[in-house]
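# Structure assessment
So the chains spell out like this:
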Amino acid sequence: MDGAAVISKIEKAWSDFQSSYAGLSESEMMMPGVTGEWSVRDILAHVTWWEQEALKYLPVLLAGGKPPRYSVMYGGLDAFNALMTQKMKDVPLDKVLREQKSTHARLMKLLREAPEGEFERETRFRRRLRFDTYHHYPVHTAAILKWREGRKT
Ligand code: NI
């Protein structure tokens, strides 16, 4: 795989993710219970905070450094997600959407500028990127689609 192939995988998964909530009204976006207590808005915020984490730590990996472990910093991924859920719970939908857009654009810019060698092998950079993008979005795409399907009946 080269950089262009990785970027195109991300773009495809991103567009599927966006399609999963397309056409929902603002109040539907705010309904709890899509995934656990989470609404679509909460899921969008969650996917964005993981892109923000990628933006924070991919440059560390590019510089040959080692990002700190979530287990050490927060007591694990679930604890970090819980902390962020709490932090983001009152952020209005339009702000979540704006942040989503700017974060994703910043991430794609970082990828377009990253050295080609990072994409050709299973580097720590590529692995981290995958976890926060095209292996992450589809989980939430599927959950939103399933929720929408269940509401039709
Ligand atoms: Ni997730």
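Below or above, wherever it landed, is the structure these notes cover. (Residues numbered from 1 in each chain as written. Predicted model: local features only at pLDDT ≥ 70, side-chain atom pairs only at ≥ 80, totals over all residues. Heavy atoms only, no water.)

### Considering helix α3 (residues 40-62)
In this model, α3 (23 residues) spans 33 Å end to end at C-alpha, consistent with the 33 Å of a helix rising 1.5 Å per residue. At Lys 56, α3 shows its maximal kink, close to 25°; a proline, Pro 59, follows between one and four residues later. Where burial is concerned, most of α3 is hidden: 18 out of the 23 residues are buried. Looking at the residues trailing α3, positive phi occurs at Gly 64, about 85°. (Helix = DSSP H or I, 4+ residues; strand = E, 2+ residues; numbered from the N terminus. Expected span 1.5 Å × (residues − 1). Bend = angle between axes of the 7 residues up to and from the residue. Buried < 20%, exposed > 50% of the residue type's maximum accessible area, 1.4 Å probe, protein only.)

### A look at empty space enclosed by the protein
Under the criterion given, the structure shown has 1 cavity of 30 Å³ or more. For the largest cavity, the calculated volume is near 30 Å³. Considering the residues around the largest cavity, the lining is formed by Ala 45, Thr 48, Trp 49, Gln 52, Met 88, Val 96 and Glu 99. Elements with a contribution of two residues or more to the lining of the largest cavity: α3 and α6 (93-113). (1 Å grid on protein atoms, 1.4 Å probe; cavity = no way out; pocket = protein on both sides within 12 Å on 5 of 7 lines; lining within 4 Å. Points joined across faces, edges and corners; volume = space filled by probe spheres on them.)

### Here's the deal with a positive patch on the surface
On the surface, a cluster of positive charge is contributed by Lys 66, Arg 69, Arg 124 and Arg 127. Accessibility expressed as a relative area gives 60% for Lys 66, which makes it exposed. (Patch = residues over 30% accessible without salt bridge, like charges linked within 9 Å, V, L, I, M, F, W, Y side chains within 5 Å. Areas by Shrake-Rupley, 256 points an atom, 1.4 Å probe, with all protein chains shown as cover. Salt bridge = Lys/Arg side-chain N within 4 Å of Asp/Glu carboxyl O. Lys, Arg positive; Asp, Glu negative; His and termini not counted. Charge placed at Lys NZ, Arg CZ, Asp CG, Glu CD.)

### Description of the packing of aromatic side chains
According to the stated counting rule, one finds 11 aromatic pairs in the structure shown. Seen from their ring centres, Trp 14 and Phe 17 are 5.8 Å apart, and the 45° between their planes marks the pair as tilted. With a gap of 3 residues between them, Trp 14 and Phe 17 both fall in helix α1 (residues 3-21), about one helical turn apart. With respect to class, Trp 14 is no different from Phe 17; both count as buried. Taking the centre distance of 6.2 Å and the plane angle of 85° together, the rings of Trp 38 and Trp 49 count as edge-to-face. Here Trp 49 lies in helix α3 and Trp 38 lies in the loop between α2 (26-29) and α3, a separation of 11 residues in the sequence. Comparing Trp 38 with Trp 49 shows no difference in burial state: the two are buried. Through successive ring pairs, a cluster of aromatic residues spans Trp 14, Phe 17, Tyr 21 and Tyr 137. (Phe/Tyr/Trp six-rings, centres within 6.5 Å; stacked < 30°, edge-to-face > 60°.)

By themselves, these are just geometric observations and shouldn't be taken as functional.
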